[in-house]
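Coordinates in review
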Amino acid sequence: MIRAPEDLQRYEQMVSVLGEVARRRRQAGSVADAMYYQLLADYYARVLEAKQGGGLVVAHTLMLPTEPFYAMDAVPLCMEVASSSLMVLHREYDELLGTSKSFGLNPFLCSVHKSIIGAWVKGWLPTPDAVVWSKQVCENTAMVGSALMEVCRCPGYHVDRPYRRLDREIGYYAAELQGMVDFLEELSGLKLDEDKLRQSIGYAGEMVALQREIYRLRQTVPCPSANRRSAQVQTINWCYFGTPQGVAFNRAILEEMKALVAQGRGYAPHERFRLLTLFPAPIHSWKVLDWLQQELGVTVVADPFLSHWGEWEAEPEAGLLSVARRCFAIPACREMHGPALEAMLTDAVADARDFKADGVLYWANLGCSHGTGTVRLLRDTITRELGLPFFVADMEYCDPSIVAPGEIREKLEEFCELLAERR
């Protein structure tokens, strides 16, 4: 399939809309929300500025660290975040997913990855100068990176990511990251600034420390966190890890939560039920999370896949080795890489207990075979260990035609009725 001529009208509109949403959130007094939308607007705008000014735009997949990009003054563009944001904001589901099918992608793949190819084939996202990708958690990323090279006719580099968190594997991954840096340096003439890398690792350490404190504070009854906050934090992590902006965003969230705790209030008007959720909620229906909290009094108090960091402390002098160690501690990688008993099952049971969860909600993305493959294992373990109700909500991250938001709400109402009957 031939790529359409680049047409960034929708992309530019996305930048404008996100900036306007940020303005309205500031007027409403929601500091953390306003900062979230402004950071996204600035992130996408920076790509446009780089294209106009001759900067190096690097398209990359989720979980590849951004610290090296910022340390060499490259401009990162996270494929999954950009394409899904564009599709959901403009509600161009049929157009982009249909385009990816015409390109030849399996229609049963995760809709997030299909949106990547669809958006770039349509010419609706800026053409990158390079593509870098890695197989981390999502197996589809190995395919999407090479496909995007074909679509955009630009050079690319695959970062091989070992599966287990062992010293030898971490050292290997650090060498792979160095290979990525070497590739980008040779391509662009830019050089990684070691001082900037050390500074970026320091900011990364601050972000992880703040996120650990945020997660602990969510144990408070009532919970002082918005249901969509974890998804927002994860999105900013993909885009701004190792930056002062990322630190400021997490600090704003923590201050907001501490203020509520000091007042003896939770984020929900009246907290009826506390849930542990597994895997992310559908991107097209974050409003369902708001509805759960504001209308039904259901608060997501724990979500290990999004929020439970593994062991890691910043070591700026270790350079890319410290960055590699962090990548193995990312919540999603911690949960999905290695034997389930090492993290996934242990974290789910411990967090459900420690955060006083009344039930467990499993977001089952139907296009994610390795994610949905853990349903039985998690359900049996949590039921056996804690006796908590376990509800599976079928959905697709970026495709509301698979399970519509209204149907999701109906199922969640049924789950709440079940929780009420247990009281």
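The written sequence of each chain sets the order in which its residues are numbered from 1. Per-residue local features of the predicted model are confined to residues with pLDDT of at least 70, and side-chain atom pairs are confined, for both listing and counting, to 80 or more; whole-chain, interface and lining totals are unaffected and use all residues. Computation of side-chain values covers all heavy atoms of the structure but excludes hydrogens and water.

Here's the deal with a negative patch on the surface
Test applied: Within the patch definition used here, like charges are joined within 9 Å and nonpolar side chains (Val, Leu, Ile, Met, Phe, Trp, Tyr) within 5 Å, considering only residues with over 30% relative accessible area and no salt bridge. Residue burial considers only the protein chains on display, and all accessible areas are found by Shrake-Rupley using a 1.4 Å probe. What counts as a salt bridge is simple: a side-chain nitrogen of Lys or Arg found within 4 Å of a carboxyl oxygen of Asp or Glu. Here Asp and Glu are counted as negative and Lys and Arg as positive; His is not counted, and neither are the chain ends. To locate a charge, take NZ of a lysine, CZ of an arginine, CG of an aspartate or CD of a glutamate. Per the convention used, a helix needs a DSSP run of H or I reaching at least four residues, while a strand needs a run of E reaching at least two, with both numbered from the N terminus.
Judged by side-chain charge, Asp394, Glu407, Glu410, Glu413, Glu414, Glu417 and Glu421 come together as a negatively charged surface patch. With six residues, helix H19 (residues 405-421) is the largest single contributor of residues to the negative patch.

Re the side chain of asparagine 227
Counted only if it meets this: For the exposure calls, accessible area comes from a 1.4 Å probe over protein chains only, and a residue counts as buried if that area is under 20% of its type's maximum, exposed if over 50%, partly exposed in between. Here a polar contact is taken to be a pair of N or O atoms separated by no more than 3.5 Å, where protein atoms must pair a possible hydrogen donor with a possible acceptor and residues adjacent in sequence count only if both atoms sit in side chains. Contacts are assigned to residue pairs with any non-hydrogen atoms lying within 4.5 Å of each other.
Of note, asparagine 227 is situated in the loop between helix H9 (194-217) and helix H10 (229-240). We classify asparagine 227 as buried; its relative accessible area is 5%. A distance of 3.0 Å separates the side chain of asparagine 227 from the backbone oxygen of leucine 289, its partner in a polar contact. Polar side-chain contacts of asparagine 227 include one of 3.0 Å to the backbone oxygen of valine 298. Every residue in contact with asparagine 227, bar those within four places of it in the chain, is listed here: Leu289, Leu292, Gln293, Val298, Thr299 and Val300.

A word on the side chain of serine 30
Relative to the helices and strands, serine 30 resides in the loop between helix H1 (9-27) and helix H2 (31-53). Of note is the side chain of serine 30, whose polar atom sits 3.3 Å from the side chain of aspartate 33.

What to know about the pattern of salt bridges
When their charged atoms lie close together, side chains carrying opposite charge are able to pair. Applying the stated criterion to the full structure yields 26 salt bridges. Aspartate 303 is the salt-bridge partner of arginine 218, the closest N and O atoms lying 3.2 Å from each other. Remark: aspartate 303 occurs in the loop between strand E6 (298-302) and helix H13 (304-307) and arginine 218 occurs in the loop between H9 and H10; sequence separation between them is 85 residues. Note on accessibility: arginine 218 and aspartate 303 belong to one class, buried. Put simply, Arg25, Asp33, Arg229 and Glu256 are held in one network by salt bridges that share partners.

Examining the sheet that holds strand E3 (residues 130-134)
What counts, and what does not: Criterion used throughout: strands pair if DSSP finds at least two bridges between them. Here an axis means a line fitted to C-alpha atoms, over the contact stretch when the element is a helix, while the angle between two N-to-C directions is reported on a 0 to 180 degree scale.
Read across the open sheet, the four strands follow the order E2-E1-E3-E4; overall the sheet is parallel. What marks the edges here is a single partner per strand, and that holds for strand E2 (75-78) and strand E4 (156-159). Between one strand and the next, the sheet's axes are offset by a mean angle of 25°, whatever the strand orientation. Here E3 runs beside E4; their pairing, made up of four bridges, is parallel. Pairing of tryptophan 133 across the sheet is with histidine 158, part of E4. Helix H8 (residues 167-188) rests against strand E1 (57-60), E3 and E4 of the sheet, and its axis sits at about 170° to E4.

Fair warning: the whole summary comes from geometry, so function is off the table for now.
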